[in-house]
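Structural features, examined
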Amino acid sequence: MNDLILESIRLLILVVLFIFLVRSGRERKEISRRGWNFIITGFGLICFATLIDITDNFESLNRFIFIGDTPIQAFLEKMVGFLFGFLLLTVGLIRWIPTITSMEYTELLNRQLKKEITERKQSEEQNKNLLHEKEILLKEVHHRIRNNMSTIKGLLSLQSGTLNNVEAKMALKEAENRVQSMLVLYDKLFLSSDFQNVSTRQYFETLIDEIIKNFPNSNIVSVMYEIEDVMLGAKTI
């Protein structure tokens, strides 16, 4: 009687596991993977062997030959049920487990790739923001430096206008021209791409134009430029 109860409990557990495997396999589409049908078939044979094993406890079932305590029942239980069942289950697991590990590895790579892409996008966005802030700061610095140079140039011009000494006026005028040349150079460097080199043609043409503007009747002066275009460093100029 105790054997009957234990075998019944074992059968109940196996049936519940079998139903769970079938339902979860359909939901997760495990059927399409290699070895899954072997696992289900093997589990089903083990359940079948456990079921007919219970019939050993009922001698009245011997007349049915295939169940009860008969040689055919023993063959079906031991050979067809348990032996082939465990064999199919083993083969199924051997074929099914590699597909799980490969998919987990693929999912892990996908997660890592998504993480790297997200981090790279965040880094690019941060770099863009830093670059934008740098450009704003650079424009503000350029604006202040240019205003300071223009202020110095204007003060020198005003001061030279109040002097009667020719030599003093010439000295202030020379200083004013130097500030003007620095202002032109600074503008050219700021508008260039590398902030270190400047085109000699653009620099000298602009500087000459600014110098001519300081002379009377500058509007009637015509200048022909024959300057070789050479890139020079700011310190050289």
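Preceding block: the structure.
Residues numbered from 1 in each chain as written. Predicted model: local features only at pLDDT ≥ 70, side-chain atom pairs only at ≥ 80, totals over all residues. Heavy atoms only, no water.

**Concerning the overall build of the protein chain**
- Check the secondary structure of the protein chain and you find 5 helices and 2 strands.
- Secondary structure elements of the protein chain, listed N to C terminal, follow the sequence α-α-α-α-β-α-β.
- Burial statistics for the protein chain: of 237 residues in total, 24% are counted as buried.
- Of the contacts formed within the protein chain by residues at least 6 apart in sequence, a portion of 64% connects residues at least 24 apart.
- Counting only carbon and sulfur atoms, one obtains 62% of the accessible surface of the protein chain, whose full area is about 17500 Å². (Helix = DSSP H or I, 4+ residues; strand = E, 2+ residues; numbered from the N terminus. Buried < 20%, exposed > 50% of the residue type's maximum accessible area, 1.4 Å probe, protein only. Contact = heavy atoms within 4.5 Å. Areas by Shrake-Rupley, 256 points an atom, 1.4 Å probe, with all protein chains shown as cover.)

**Notes on the packing of aromatic side chains**
- On inspection of all chains with the given rule, the structure shows 1 aromatic pair.
- With 6.4 Å between their ring centres and 15° between their planes, Phe 82 and Phe 86 make a pair best called stacked. Of this pair, Phe 82 and Phe 86 both sit in helix α3 (residues 71-161), separated by 4 residues, roughly a single helical turn. (Phe/Tyr/Trp six-rings, centres within 6.5 Å; stacked < 30°, edge-to-face > 60°.)

**Observations regarding the side chain of Ser 160**
- For Ser 160, the position within the fold is in helix α3.
- The contacts of Ser 160, once residues within four sequence positions are left out, are Lys 169 and Leu 172.

**A few points about the nonpolar core**
- One finds Leu 14, Leu 21, Trp 36, Ile 39, Ile 40, Phe 43, Ile 46, Cys 47, Ala 49, Phe 82, Leu 89 and Trp 96 forming the largest nonpolar core, which totals 12 residues.
- Counting residues per element, the ones that place at least two in this core are α1 (2-27), α2 (36-54) and α3.
- A per-element tally of this core places α2 first, with 7 residues.
- Sequence-distant contacts of Ala 49, defined by excluding residues within four places in its chain, comprise Glu 77, Gly 81 and Phe 82.
- Counting 5 residues, the second-largest nonpolar core is a separate cluster that includes Met 149, Leu 156, Leu 172 and Leu 183. (Core = buried A, V, L, I, M, F, W, Y, C linked by side-chain atoms within 4.5 Å.)

**Let's talk about the pattern of salt bridges**
- Following the criterion strictly, the structure yields 4 salt bridges and no others.
- Measuring nitrogen to oxygen at the nearest pair gives 3.7 Å for the salt bridge that ties Lys 153 to Glu 176. One end of the pair, Lys 153, is in helix α3; the other, Glu 176, is in helix α4 (residues 166-191), with 23 residues separating them in the sequence.
- A relative accessible area of 21% means that Lys 153 is categorised as partly exposed.
- Owing to a relative accessible area of 3%, Glu 176 belongs among the buried residues under this scheme. (Salt bridge = Lys/Arg side-chain N within 4 Å of Asp/Glu carboxyl O.)

**Some words on the environment of Asn 147**
- Within the secondary structure, Asn 147 is located in helix α3.
- A residue is classified by how much of its surface remains accessible, and Asn 147, at 37% relative accessible area, is partly exposed.
- It is 9.7 Å that separates the C-alpha atoms of Asn 147 and Leu 183, two residues lying 36 residues apart in sequence.

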